[in-house]
Amino acid sequence: MDKAQKKAMVEEWKNRRPEMGVISLRCKATGETFLGVSKDTKADFNSVRAKLSGGMHPNKHLLELWNQYGEAGFTFSTAAVLEYGDPLEDHTEELETLRELCLAEDPKAAKIWK
């Protein structure tokens, strides 16, 4: 790969528009929902799945449910998608507000990350 190709790939990566929003993991057996803010939903689903499968997730209750019911006992979905303009801007506050709205809608919901 030459320098021009590498530079083009880096520029493409910087300007990509990943889906941002609120990710949801729902335990089918208990009905409990865990919500997290995400600047890249696809990457965060993979990250959460890997941490749970490896027994290294910081949310101990979620980890206990995962160990009891396994991956098949959960549904993964995007609870809300953030519409945004500039992918380089910080959208943390908007994502937090979106998650708070989702938490208010579901009394059995909790935050994935404390």
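Before reading on, note that the structure itself is shown above.
To start, this report covers the structure provided alongside it. (Residues numbered from 1 in each chain as written. Predicted model: local features only at pLDDT ≥ 70, side-chain atom pairs only at ≥ 80, totals over all residues. Heavy atoms only, no water.)

Take the packing of aromatic side chains next. Inspection of the entire model under this criterion finds 3 aromatic pairs. Note on Phe45 and Phe76: the rings are 5.8 Å apart at their centroids and 75° apart in plane angle, and the pair reads as edge-to-face. With Phe45 in helix 2 (residues 41-53) and Phe76 in strand 3 (residues 74-82), this residue pair connects regions lying 31 residues apart in the sequence. Among the residues examined, Phe45 registers a relative accessible area of 13% and is labelled buried. Ring centres 5.3 Å apart and planes at 35° place the aromatic pair Trp66 and Phe74 in the tilted group. (Phe/Tyr/Trp six-rings, centres within 6.5 Å; stacked < 30°, edge-to-face > 60°. Helix = DSSP H or I, 4+ residues; strand = E, 2+ residues; numbered from the N terminus. Buried < 20%, exposed > 50% of the residue type's maximum accessible area, 1.4 Å probe, protein only.)

For helix 3 (residues 60-69), the set of buried residues is Leu62, Leu63, Leu65 and Trp66. End-on, the buried residues of helix 3 take up no more than an arc of 160°, which puts them together on one face. Turned more than 90 degrees from where helix 3 packs its buried face, Lys60, Glu64, Asn67 and Gln68 sit exposed. Elements in contact with the buried residues of helix 3: strand 1 (20-27), strand 2 (33-38), helix 2 and strand 3. Where helix 3 begins, the side chain of Asn59 points an oxygen toward the backbone nitrogen of His61, at a separation of 3.3 Å. Once helix 3 ends, the next one or two residues include Gly70, with phi positive near 75°. (Arc of directions from axis to C-beta. Contact = heavy atoms within 4.5 Å. Polar contact = N/O pair within 3.5 Å; in protein donor to acceptor, adjacent residues only side chain to side chain.)

Distances and angles like these do not, on their own, reveal function.
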